[in-house]
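# Remarks on the overall topology
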Amino acid sequence: MNDDANKMWGGRFAAGPDAIMEAINASISFDQRLARQDIQGSRAHAAMLAATGIITHNDAEAIGEGLLTVLSEIETGTFAFSTALEDIHMNVEARLKELIGEPAGRLHTGRSRNDQVATDFRLWVREQCDAAISSIQALQKALLGQAEVGADWVMPGFTHLQTAQPVTWGHHMMAYVEMLGRDASRFADARARMNECPLGAAALAGTSFPIDRDATAKALGFDRPSANSLDAVADRDFALEFLSASSITAMHLSRLAEELVIWSSAQFRFVSMSDRFSTGSSIMPQKKNPDAAELVRAKIGRILGATVGLFTVMKGLPLAYSKDMQEDKQQVFDAADSLMLSLAAMEGMVSDMSVNESALRVAAASGFSTATDLADWLVREAGLPFRDAHHVTGSLVAMAEEQGKDLPDLTLDQMKSAHVAITEGVFDVLGVDNSVKSRTSYGGTAPERVREQIALWKGRLA
């Protein structure tokens, strides 16, 4: 370790650690991403120290201006990061001392690296929550655009990936709008809970200096200072909540990505992905691979892995701070990067994809998709108990399947052979368009219900 590093440690060690210890102990290779938040927190802390008379206004002004110079150097790529100085906090403070001299040494009055890093990290994660919400809403708008165009396009609804009942394309798109709405609300809830400021908790017990924690909390946009100094420096719930919300969002993206992969296959042909989000094969010239969707589908592995990783780091730590907690950031950084990239890619894919309405319609009419409509008609018009109607419908499906027909292709006499109460009116419910139009219950697939939900969500996202 160099002389500067020894000075930062206050002379506790006569000799520095060897290369292995330096490598495992240093975090500057990744926590330099917190530079802007670190300087933001330090400037707020210096201003508070001056306002309370702990340091002079001249020193606070020098510190504030010096920190802006450091930030400029970092943003322009001229700052020389040092592994020997371990982390972003000591790198910034060492450079500040080179720039302004003695006043730099007063910046750390009334705080510790423990509350400093907790504040920096919380600020960074809070920004990621805002970014996630914004990206989710952009994707929702892309889905709304698709839903509006195809509000009355019929397609098969699936259970077990088997044709179940006809639904509308718009209804299917709106299902993901609803999922993503819950995702955005989870990030908003997490943001509200994390919006307490650890700065001033110091190492773990608070400080004897007459600091104003309300002032620093307000300056940094927090609702309040954290109420317990031990909890303030030991807590990483905010990062775990961000990762948990990210994992659920990534799972939803993975489900949509899986559908895009299936739908764009030659066997389905429901959608065609744009060239911007597809690749070709190195050997098969006819191939158009949905690579972007497949990669989004895979990102849940990294994001969920980060979530499990941080839970594992935190699960056995006694209060307050342990060096284990240095392992919190890389996982969160990687998960955030993966989530934002996935959201952006999915927005692009959904916005650009072309939908094959005719293929949707053909598929919607296959697989006896209106069998439930027939059973409902028998209950409603012929007065059968539903279980009896279910049995009659099943026998008609078997008859149609044996003859290689669909239900609407059976004759009335064939229908009557299953139950004498069946009349010509049954054919009114067997078409896929009539089927979807009849599903008018709240939350149903009827085009009028779908358009109502589109208008509602447009208002929410305006």
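Residues numbered from 1 in each chain as written. Predicted model: local features only at pLDDT ≥ 70, side-chain atom pairs only at ≥ 80, totals over all residues. Heavy atoms only, no water.

This part is about the packing of helix α5 (residues 57-76) against helix α6 (residues 88-100). With their axes 9 Å apart at the nearest point, α5 and α6 run at an angle of 115° to one another. Crossing angle aside, the handedness with which α5 passes α6 is right-handed. Here A62, I63, G66, L67, T69, V70, E73 and I74 of α5 lie close against α6, whose contacting residues are V92, R95, L96, L99 and I100. (Axes fitted to C-alpha atoms, helices over the stretch in contact; angles between N-to-C directions. Helix = DSSP H or I, 4+ residues; strand = E, 2+ residues; numbered from the N terminus. Left-handed = near helix turned anticlockwise from the far one by under 90°. Contact = heavy atoms within 4.5 Å.)

Residue A320 follows L319 across a cis peptide bond; omega there is 10°. Locating A320 in the fold gives a position in the loop between α12 (291-314) and α13 (329-352). The backbone of H160 shows a phi angle near 60°, a positive value even though the residue is not glycine. By the secondary structure assignment, H160 is in the loop between β1 (154-159) and β2 (162-168).

On to helix α20 (residues 447-461), then. Along its 15 residues, α20 runs 21 Å from first to last C-alpha, staying within 8% of the 21 Å computed at 1.5 Å per residue. The set of residues buried in α20 consists of P447, R449, V450, Q453, I454, W457 and L461. Viewed along the axis of α20, the buried residues span an arc of 155°, placing them on a single side of the element. For α20, the secondary structure elements touched by its buried residues are α7 (113-149), β2, α8 (169-194) and α19 (432-438). (Expected span 1.5 Å × (residues − 1). Buried < 20%, exposed > 50% of the residue type's maximum accessible area, 1.4 Å probe, protein only. Arc of directions from axis to C-beta.)

Across 6 bridges, the pairing between β1 and β2 is antiparallel. Residue pairing in the sheet places M155 in a bridge with V167 of β2. In textbook terms, the turn of a hairpin is the stretch between consecutive antiparallel strands, and for β1 and β2 this stretch comprises 2 residues, one of which, H160, has a positive phi near 60°. (Pairing = 2+ DSSP bridges.)

Within the secondary structure layout, A363 lies in helix α14 (residues 357-364). Judged by relative accessible area, which is 15%, A363 ranks as buried. A sequence separation of 197 residues divides A363 from P166, and the C-alpha atoms of the two residues are 9.1 Å apart.

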